[in-house]
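Architecture at a glance
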Amino acid sequence: MNRKLITLTMAMSITTLVGCNEKNGAVDQAAIDEIVAGMTLEEKAAFVIGTNRVSETPPDAPECIKKYPLICEKFQHEADSFGVNGWEDLQQFVSTYSTQGRVPGAAGQHYELPSLKMRPFVYADGPAGLRIDAKREGDQGEYYCTAFPTETALAATWDTELVERVTRAMGEEVKEYGVDILLAPAINIHRNPLCGRNFEYFSEDPLLAGKMASAYINGVQQNGVGVSLKHFAVNNQETHRNGVNEVVSMRAMREIYLRGFEIAVKESQPWTIMSSYNKINGTFASENKWLLTDLLRGEWGYEGFVMTDWWAQENGVRQQMAGNDLIMPGSQRQYEEILNGLKDGSLKEEVVDRNIKNILGIMMKTPTALGYEYSNKPDLQAHAAVTREVACEGMVLLKNEPARANKDAMTLPLNAGAKVALFGNSCYDILVGGSGSGNVNRKYKISLEEGMKNGGFIVENAIADAYTKYLDAEKKKLPAENFWTVPVYDELLITEAQAKAAIEASDAAIFSICRMAGEGGDRKNEPGDWQLSANEKANIDLVSRVAHEAGKAFVVVLDMGNIIDFTDVLAAQPDAVLHAWLGGQEAGNSIADVLGGKVNPCGKLPMTWAKKYEDYASSKNFPFSEGDSITRYEEDVFVGYRQFDADKLAPLFPFGYGLSYTNFAYDEMTAKVNGDKVTVRVKVTNTGKVAGREVVQIYASAPGKTMKKPVKELKAFGKTALLEPGKSEVLTLTIPVESLASWGKDKWEVEPGEYTFSAAASAADVRQTAKVKM
Ligand code: BGC
């Protein structure tokens with residue numbers, strides 16, 4: 001695109017924008033209309049095309065490969081699917097990741113408009129915290145952001161108030177670093193455990209995903225900055241994400257894949273929405289008028305604007321007509337398509353006008369438009385405390401057996417001041433977030449070793465030294481952490497003598513397993529990924545045997561944003577297992593807080609954990625059903641626990657499962673219809689010996705006489721306050737009757753008859769039921 005031309009022409013009309021900021025909190029529509037009326041066709045075409053960088057032209061192909069070898073290699077497949085422009089688009093694409101605009105390292109911004117007397121609006125990732133460059137050319141300052149736990153960990157808290165508090169902190173960083181829109185939350189459904197971006201997404205269940213998204217959006221937007229709810233829609237795999245055709249029924253879309261978006265839009269009005277790369281039933285999401293206009297605005301009442309995902313290279317005219325207001329970052333080709341369309345009448349001017357107005361309607365509310373002088377000094381210290389707390393709240397205790405040394409106690413929590421032998425690379429080099437746009441440039445990360453020491457535990461030295469030396473040597477061999485790569489090293493293979501010496505000198509052995517994932521690729525059902533690697537398996541068998549022979553506890557900690565095949569881990573008979581997710585920069589401290597009992601674990605799984613990969617129905621067609629471009633969602637609405645219930649298949653750990661250091665009893669459940677709502681009440685009592693919090697799930701089972709319905713579906717959830725032993729709390733949860741509906745032939749239908757509401761500790765642990773007639 002001719003950037004000079006755009007800069008000049010845009011400057012002519014946009015000067016009038018100054019002074020048309022919000023009046024009494026309401027955007028001045030008349031001023032926006034006036035601006036649009038004064039724009040030339042060139043200006044209009046330019047306005048709906050964002051850019052990611054304003055000063056540098058993309059390098060030529062050889063230069064590009066030299067400069068960005070990893071990105072070029074990884075995205076070659078996507079470059080092919082860009083089609084017509086192949087290399088040109090790839091060059092622009094890779095340059096995205098060295099953006100040096102107004103906020104260096106941000107994902108994109110609008111064109112620089114000198115006469116606007118306003119700085120360009122800035123968009124930056126991402127779901128686990130703001131992603132910008134921490135260091136700037138010729139500037140001694142530091143611009144680090146807080147790496148919060150990834151979204152799966154947030155969902156595992158089942159605590160919307162806490163999530164809102166976390167994202168309020170995130171939003172403060174967005175605002176104080178001069179960014180207008182945070183490109184998050186991402187809420188695609190965990191259809192298959194191998195999706196490379198599941199760590200960035202909340203759950204397999206649309207209600208949990210939607211409610212979490214809603215809380216997330218509220219927290220960020222309370223700062224007067226916006227979010228971009230993404231990736232709209234049905235973006236459930238990374239393999240060939242730019243071209244794959246997701247073939248899915250209207251019912252599955254409405255009930256599963258769109259439902260979370262619907263909840264978030266209706267409850268929280270995200271300022272922007274990002275359309276996804278993929279096709280849905282043959283049409284690219286960014287060109288899909290039904291999705292972006294009829295459904296989103298018509299049915300759901302959406303008031304913000306829609307932007308493409310980065311470099312979604314579809315047809316500019318079709319995107320505009322579909323209601324994809326902004327193309328991020330647009331290409332020369334898309335600019336010309338739009339301009340020519342406007343000139344020859346194949347693209348109606350009122351369509352582009354509508355889109356520009358949608359964008360301006362939001363822009364006028366941004367800190368940039370309001371002239372906010374950002375400090376570049378968010379309260380990172382306060383946010384570190386928030387991330388430490390939320391990481392604890394999301395951890396899921398999967399197993400906790402009676403202690404070997406003292407049958408009256410459980411393995412966890414560990415005794416104060418215990419000596420621990422730490423096995424596994426990630427005890428010393430912990431993973432705290434995923435790679436790609438979900439990664440955050442944080443100032444530090446706390447390893448498990450440091451966290452345990454900070455928590456007053458004694459870490460066995462000899463084995464720690466062996467790992468540290470090994471990792472120091474390995475680090476020299478692999479590139480340092482960057483956008484695409486968070487290095488993960490082969491597990492150090494430990495010897496029997498090392499294991500024996502370390503365990504004999506300790507009270508417990510802790511074994512950490514880590515997995516990295518990120519955008520651009522899916523995980524594989526292979527050793528070292530879904531399965532344990534040969535070294536991991538050898539180590540876990542060895543450490544378990546040695547620990548048990550010595551009568552010591554053997555504890556497994558999972559440092560990953562997703563799940564893995566657990567056969568080999570369980571075969572090693574761990575005494576306790578804690579899933580710590582990717583816990584953000586304070587992860588080591590948070591894990592120590594939970595292992596030591598300072599915090600009682602209260603997270604529950606936001607996904608179903610199968611005994612084996614093949615148990616997931618989607619394993620038959622993930623990533624493709626046929627060839628390399630079609631994925632048929634044959635399981636329809638039967639995703640996650642809905643499938644396991646229907647197939648009468650027992651998972652390893654059910655959806656919603658998680659233990660505590662205490663126990664809870666449920667009783668006195670009632671369910672009553674009040675007009676268009678069902679009010680459910682249930683009393684939860686802490687029957688154990690330590691204080692704790694309990695997540696309660698309310699599932700509804702429909703009569704299922706006129707329609708094949710899931711056995712049960714999550715309709716509400718709540719979490720108690722911290723209950724002291726013996727104390728109770730009555731949770732009152734409200735379920736809109738319309739949320740009991742299923743998608744019939746072409747509309748939502750609430751089946752009449754008797755519904756059973758269950759108060760459950762997990763999808764497989766129903767504690768109380770109550771019946772209601774509709
Ligand atoms: C990702 C988006 C991200 C964008 C900007 C894309 O590759 O899919 O989630 O917001 O890049 O970095």
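Here, the structure is the one placed above.
Attention here is on the structure that accompanies the text.

Definitions and cut-offs
- Residues numbered from 1 in each chain as written.
- Predicted model: local features only at pLDDT ≥ 70, side-chain atom pairs only at ≥ 80, totals over all residues.
- Heavy atoms only, no water.
- Helix = DSSP H or I, 4+ residues; strand = E, 2+ residues; numbered from the N terminus.
- Buried < 20%, exposed > 50% of the residue type's maximum accessible area, 1.4 Å probe, protein only.
- Contact = heavy atoms within 4.5 Å.
- Areas by Shrake-Rupley, 256 points an atom, 1.4 Å probe, with all protein chains shown as cover.
- Core = buried A, V, L, I, M, F, W, Y, C linked by side-chain atoms within 4.5 Å.
- Expected span 1.5 Å × (residues − 1).
- Polar contact = N/O pair within 3.5 Å; in protein donor to acceptor, adjacent residues only side chain to side chain.
- Near = heavy atom within 4 Å.
- Nonpolar A, V, L, I, M, F, W, Y, C, P; charged D, E, K, R; others polar.
- Pairing = 2+ DSSP bridges.
- Axes fitted to C-alpha atoms, helices over the stretch in contact; angles between N-to-C directions.
- 1 Å grid on protein atoms, 1.4 Å probe; cavity = no way out; pocket = protein on both sides within 12 Å on 5 of 7 lines; lining within 4 Å.
- Points joined across faces, edges and corners; volume = space filled by probe spheres on them.
- Phe/Tyr/Trp six-rings, centres within 6.5 Å; stacked < 30°, edge-to-face > 60°.
- Lys NZ or Arg CZ within 6 Å of the ring centre and 35° of its normal.
- Parallel < 35°, antiparallel > 145°, perpendicular 65-115°, else oblique.
- Left-handed = near helix turned anticlockwise from the far one by under 90°.

**Considering the overall build of the protein**
Helices and strands together make up the secondary structure of the protein, namely 23 helices and 25 strands. Counting the 774 residues in the protein, one finds 64% classified as buried. Across the protein, contacts joining residues at least 24 apart in sequence account for 76% of those joining residues at least 6 apart. Split by element, the accessible area of the protein, about 26900 Å² in all, is 51% carbon and sulfur.

**Considering the nonpolar core**
If you look at the biggest cluster of nonpolar residues, it comprises 83 residues, and the most contacted ones within it are Phe423, Met452, Ile510, Ile513 and Leu595. Sorting elements by how many residues they give to this core places strand 14 (residues 553-559) first, with six residues. Once residues lying within four places of it in the same chain are set aside, the contact partners of Met452 are Leu414, Val420, Leu422, Phe457, Val459, Ile510, Ala592 and Leu595. Counting residues in hydrophobic clusters, the runner-up holds 78 residues, among them Cys145, Met170, Ala252 and Val695.

**Topic: helix 9 (residues 206-221)**
Taking 1.5 Å per residue, 16 residues should reach 22 Å; helix 9 reaches 22 Å between its end C-alpha atoms and fits that length. Burial runs high along helix 9: 14 of the 16 residues are buried. Between the side-chain oxygen at the start of helix 9 and the backbone nitrogen of Leu207 there is a gap of 2.9 Å, and the oxygen is on Asp205.

**A short note on the site of the ligand**
By nearness alone, 14 residues border the ligand, and Asp125, Arg197, His231, Asp309 and Glu519 come closest of all. Within the side chain of Tyr277, one N or O atom sits 3.1 Å away from an oxygen atom of the ligand. Between the ligand and the protein, one listed contact pairs an oxygen atom with a side-chain N or O atom of Glu519 at 2.7 Å. Compared with its free state, where it exposes 310 Å², the ligand has 100% of that area covered by protein. When grouped by side-chain class, the residues that make up the shell around the ligand number six nonpolar, two polar and six charged.

**Side note on the sheet that holds strand 19 (residues 695-701)**
Taken together, four strands build an open sheet; the order of strands is 20-19-24-25 and the sheet is antiparallel. Since the sheet does not close on itself, it has two edges, and those belong to strand 20 (713-719) and strand 25 (765-773), each with one partner. Strand-to-strand twist across the sheet, computed as the mean angle between neighbouring axes with direction ignored, equals 25°. In the sheet, strand 19 pairs with strand 24 (residues 754-762) via five bridges, with the strands oriented antiparallel. Bridged to Ser701 within strand 24 is Thr756.

**Quick word on the sheet that holds strand 12 (residues 458-459)**
On the basis of which strands lie adjacent, the open sheet formed by six strands has the order 10-15-14-13-11-12 and mixed pairing. Both outer strands of the open sheet, strand 10 (396-400) and strand 12, are each paired with one neighbouring strand and no more. Alignment of strand 10 against strand 15 (residues 576-579), held across four bridges, turns out to be antiparallel. Within strand 15, the residue paired with Leu397 across the bridge is Leu578. Relative to the sheet, helix 19 (residues 496-504) contacts strand 11 (419-423) and strand 13 (508-514), its axis offset from that of strand 11 by approximately 155°.

**Details of the layout of surface pockets**
Of the voids in this model, the largest pocket is the one considered here, and its volume is about 950 Å³. What lines the largest pocket is a set of 38 residues, and nearest its centre among them are Leu207, Lys211, Ile263, Glu267 and Lys715. When residues of the lining of the largest pocket are traced back to their parent elements, those giving at least two are helix 8 (160-176), helix 9, helix 11 (259-268), helix 16 (380-394), strand 20 and strand 21 (728-736). In terms of residue class, the lining of the largest pocket is built from 15 nonpolar, six polar and 17 charged.

**Describing the packing of aromatic side chains**
Summed over all chains, the structure comprises 20 aromatic pairs. On the numbers, 5.7 Å between centres and 75° between planes, the contact of Tyr616 with Phe644 is edge-to-face. Linking Tyr616 in the loop between helix 22 (587-595) and strand 16 (630-632) with Phe644 in helix 23 (residues 641-646), this pair joins segments that are 28 residues apart in sequence. Within the aromatic cluster, the residues linked to one another by ring pairs are Trp158, Tyr641, Phe655, Tyr699 and Phe717. Directly above the ring of Trp743 sits Arg254, whose terminal nitrogen or CZ lies 3.9 Å from the centroid.

**Structural notes on the packing of helix 8 against helix 16**
Where helix 8 meets helix 16, the closest approach of the two axes is 10 Å, and the angle between their N-to-C directions is 150°. Comparing their axes, helix 16 and helix 8 come out roughly antiparallel. The crossing of helix 8 and helix 16 is left-handed. Here Leu162, Arg165, Val166, Ala169, Glu172 and Glu173 of helix 8 lie close against helix 16, whose contacting residues are Leu380, His383, Val386, Glu389, Val390 and Glu393. Classifying every residue of the contact of helix 8 with helix 16 gives six nonpolar, one polar and five charged.

**A closer look at the side chain of Asn589**
Inspection of the secondary structure puts Asn589 in helix 22. Overall, the relative accessible area of 5% leaves Asn589 in the buried class. Separated by 2.7 Å, the side chains of Asn589 and Glu586 make a polar contact. Among residues more than four places away in sequence, those in contact with Asn589 are Arg388, Ile446, Gly451 and Asn454.

**Quick notes on the pairing of strand 18 (residues 677-686)**
Counting buried positions along strand 18 yields seven of ten residues, so the element is predominantly enclosed. Sheet topology places strand 17 (residues 664-674) next to strand 18; nine bridges connect them, and they run antiparallel. Along strand 18, the bridge assignment pairs Val673 with Val678. Where strand 18 meets strand 21, nine bridges bridge the pair, whose relative direction is antiparallel. The residue bridging Arg681 from the neighbouring strand is Thr732, located in strand 21.

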